[in-house]
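The chain contents come next:
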Amino acid sequence: TFRSIAYKHGIMRPGLNAILGPTGSGKSSFLDVLAARKDPAGLSGEVLINGALQPPNFKCLSGYVVQDDIVMGTLTVRENLCFSAALRLSSQISPREKEARVNHLISELALNKVADAKVGTQLIRGISGGERKRTSIGMELIIDPSVLFLDEPTTGLDASTAYSVLLLLKRSVSKDMNVLQKYNILNTNISYLNGVFSNDIVGYACEAHNNPADFFLDIINGSSAAVNMTKIQNNGGTCQQSIEDQLVEKYKNCSYARSLKAELERITRAKDNNIKAKCHTITYTSSFFHQLRWVLWRTFWNLMLNPQTSVAQLAVTTLMAAIVGAIFYGVKDDQSGIQNRFGVLFFITTNQCFSTLSAAELFITERKLFIHEYTSGYYRVSVYFLSKILSDIITQRTVPTILFTCVVYFMIGLKPTVAAFFIFMLTVILVSCAAVSMTMAISADQSVVAVANIFMTISFIFMMIFSGLLVNLKSIMDWLSWLKYLSIPRYGLEALEINEFVGLKFCGNVSAVMSSPAADILMCTGEQHLTFQGIDYSSWGLWHNHIALTLMTLIFLIIAYIKLRFIPKFS
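These figures come from a predicted structure and were not determined experimentally.

Draft legend 1. Geometry of the nonpolar core. Core analysis: the biggest nonpolar cluster contains 111 residues, and Phe370, Tyr379 and Ile488 have the highest contact counts within it. At 17 residues, helix H18 (residues 418–443) tops the list of elements feeding residues into this core. Residues contacting Ile488, with those up to four places away along its chain left out, are Cys353, Val431, Ala434, Ala435, Met438, Met463, Leu549, Met552 and Phe556.

This is the structure in structure tokens:
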């Protein structure tokens, strides 16, 4: 039982099979149970395949077309099908044979005209709804599954497109394939049920112009005009038995139910009762590195083809760098130079942290796609995780950071040495990597981007307080001072300060300054500023910040992977 719905028994024979029922009747749950994609906790009973228990990797052997058509919109129809073929077909099949199968499937699906067109996203115009649905079906048909499940394959399509999809499924069915579909409405002529409903026992007849499927569901729900007409004919009286009871009783006594029961008893006797159902497992047809190569290709290509994450990211980074460089342009070696350097270094580290909030969408927006492809045996969790990490760190963090550094560093006029420039760049990159890793660790198991953003914003605000600018870290009470060790901006700011301030002088003519009344409050060297901030400016004092940022990055990535590994993957 599941959600108070009891699925008794039945047989799905080779060919087209439809699960018919009104909204909320349990069609999706039933379909997921049959497809081994429902959490087995709380379920009882058995699902047999050709008289034997489902294999543990049944999800990987069968096809499952979800209702929402989760395909990569930035790729073309051919690229999506090639991706499925590369990861789901056996590694013993040559690339040429896989390509030939893709081309054959494109012809079978009547997608030749749009084979090299992008599927489409909210920003990219793509193919039509019917072509998108056929692409989703093709992603599953590529492995030539024995059983193909479809969750409302005609939802959202007009009548003509829905009819073409059904014709496609009918053509695709071979004598060894079983296609199970879930429908809210099924427009078909069911002579057997017409006879059941219109006989003397039930007493309802479907009018010629009415859809039989709609008529049957209305009768069961008691909302049909036929029900009202029957009440009128009976002078408002009600039958002793409810409609449901009459239908159940009629079904039990019919020849079809008796033959089905006999066949089920025969199958049960033939089944080996000593074999127990095994836990669901995921099997793969390709190696780790083969999967990594293909998933990396798709992830990088998706980023490059998405203007929101490629062009816009670089444009915003360049604009921000130009604005910051203009505000702090040409810092001087005087007392104002200390404040300006301290301020811009703080802003850069803080900006790197808050700019990583966009990474919250990394796992959330593709959650359905990831779960579907993982459970279907496309790739391992580690492969998906590594591809997302590498693509995001390289394209969204490293490249924009290098661009930002090149613009800002020379406009501001920071320390003009090669070593200082590259240490600056390395530090900013490590700050960005640590911040984005924390973002991933927080958002990996979240389902709503806004909730993840709230947690990350609060975390970054507390880290910013303990970075060293807003409050002098030496003045913080002992029972709170330990929080500074959890601050990503603090490590970045300390490293940037040491890199910039060591060796700088801010007083010009020392003799004139020393005779000034304000000599006691002036800071004439960068080392004085660092000492006042409580910063160790030795070599270890510099590099221990980079080590800390690297360790924080690794720890947060491990947390993110563990969360991604154990998120619920059943429907």
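Draft legend 2. Layout of empty space enclosed by the protein. Here the structure, examined in full by the defined rule, presents two cavities of 30 Å³ or more. Considering only enclosed or pocket space, the largest cavity measures out at about 80 Å³ in volume. Forming the walls of the largest cavity are Tyr64, Val65, Val66, Asp69, Ile70, Val71, Ser136, Met139, Glu140, His372, Glu373 and Tyr378. With three residues, the single largest contributor to the lining of the largest cavity is helix H5 (residues 129–141). For the lining of the largest cavity, the class distribution of residues is seven nonpolar, two polar and three charged. In this model, the second largest cavity occupies a volume close to 60 Å³.

Draft legend 3. Fine view of the packing of aromatic side chains. Throughout the structure, instances matching the rule amount to 18 aromatic pairs. A ring pair is formed by Tyr409 and Phe421, whose centres lie 5.2 Å apart and whose planes are at 80°; its orientation type is edge-to-face. Residue Tyr409 is located in helix H17 (residues 381–412), and its partner Phe421 is located in helix H18; the two are separated by 12 residues in the primary sequence. Of the residues examined, Tyr409 reaches a relative accessible area of 2% and is grouped as buried. Looking at Phe421, the relative accessible area reads 10%, which means it is buried. Cluster of aromatic residues (ring-pair linked, three or more members): Phe83, Phe363, Phe370, Tyr374, Tyr378, Tyr379, Tyr384, Phe385 and Tyr561. Above the ring of Phe83, the side-chain terminus of Arg298 is found at 4.1 Å from the ring centroid.

Draft legend 4. Summary view of the packing of helix H3 (residues 77–88) against helix H4 (residues 95–108). With their axes 10 Å apart at the nearest point, H3 and H4 run at an angle of 135° to one another. One finds that H3 runs oblique with respect to H4. You can see that H3 and H4 cross each other, and the crossing is right-handed. Of H4, the residues touching H3 (which contributes Arg78, Leu81, Cys82, Ala85 and Ala86) are Lys98, Val102, Asn103, Leu105 and Ile106. Residues that form the contact of H3 with H4 fall into these classes: seven nonpolar, one polar and two charged.

Draft legend 5. View of the UniProt feature "transmembrane region" (unreviewed entry) in the chain. Annotation from UniProt places "transmembrane region" (unreviewed entry) at residues 311–331, 394–412, 418–436, 448–471 and 542–562. Measuring from the first to the last C-alpha atom of residues 394–412 gives 26 Å, for a span that is 100% helix and 0% strand. A distance of 27 Å separates the end C-alpha atoms of residues 418–436, which is 100% helix and 0% strand.

Draft legend 6. Representation of a nonpolar patch on the surface in the model. A contiguous nonpolar surface patch, about 850 Å² in accessible area, is contributed by Val448, Val451, Ile454, Phe455, Ile458, Ile461, Phe462, Ile465, Leu469 and Leu470. Residue placement: Leu470 occurs in the loop between helix H19 (449–465) and helix H20 (478–481).

Draft legend 7. Here's a closer look at unusual backbone geometry. Even without a glycine there, the phi angle at Ala36 is positive, about 60°. As for its placement among the helices and strands, Ala36 is situated in the loop between helix H1 (27–34) and strand E2 (48–49). Exposure remark for Ala36: the relative accessible area of 4% places this residue in the buried category. Not every positive phi belongs to a glycine, and Asp144 is a case in point at roughly 50°. Among the secondary structure elements, Asp144 is positioned in the loop between H5 and strand E5 (147–151).

Draft legend 8. Highlighting the pattern of salt bridges. Going through the model one piece at a time under the given rule, you end up with 12 salt bridges. For Lys368, the salt bridge goes to Asp68, with nearest N and O atoms at 3.3 Å. Placement of Lys368 in helix H16 (residues 367–375) and of Asp68 in the loop between strand E4 (63–65) and H3 is noted, with a sequence separation of 300 residues between them. For Lys368, a relative accessible area of 55% puts it in the exposed group. Put simply, Asp392 and Arg397 hold a salt bridge, and the shortest N to O gap is 3.0 Å. Connected through salt bridges with shared partners, the residues Arg13, Glu263 and Arg266 form a single ionic network.

Draft legend 9. Spatial organisation of the side chain of Lys133. Position of Lys133 relative to the elements: it lies in helix H5. Assessed through its relative accessible area of 1%, Lys133 is described here as buried. In this structure Lys133 touches Val66, Gln67, Asp69, Glu152, Pro153, Leu157 and Val165, once residues within four positions along its chain are discounted.

What counts and what doesn't
- Residues numbered from 1 in each chain as written.
- Predicted model: local features only at pLDDT ≥ 70, side-chain atom pairs only at ≥ 80, totals over all residues.
- Heavy atoms only, no water.
- Core = buried A, V, L, I, M, F, W, Y, C linked by side-chain atoms within 4.5 Å.
- Buried < 20%, exposed > 50% of the residue type's maximum accessible area, 1.4 Å probe, protein only.
- Helix = DSSP H or I, 4+ residues; strand = E, 2+ residues; numbered from the N terminus.
- Contact = heavy atoms within 4.5 Å.
- 1 Å grid on protein atoms, 1.4 Å probe; cavity = no way out; pocket = protein on both sides within 12 Å on 5 of 7 lines; lining within 4 Å.
- Points joined across faces, edges and corners; volume = space filled by probe spheres on them.
- Nonpolar A, V, L, I, M, F, W, Y, C, P; charged D, E, K, R; others polar.
- Phe/Tyr/Trp six-rings, centres within 6.5 Å; stacked < 30°, edge-to-face > 60°.
- Lys NZ or Arg CZ within 6 Å of the ring centre and 35° of its normal.
- Axes fitted to C-alpha atoms, helices over the stretch in contact; angles between N-to-C directions.
- Parallel < 35°, antiparallel > 145°, perpendicular 65-115°, else oblique.
- Left-handed = near helix turned anticlockwise from the far one by under 90°.
- UniProt positions renumbered as here; feature names shortened; annotations may be inferred.
- Patch = residues over 30% accessible without salt bridge, like charges linked within 9 Å, V, L, I, M, F, W, Y side chains within 5 Å.
- Areas by Shrake-Rupley, 256 points an atom, 1.4 Å probe, with all protein chains shown as cover.
- Salt bridge = Lys/Arg side-chain N within 4 Å of Asp/Glu carboxyl O.

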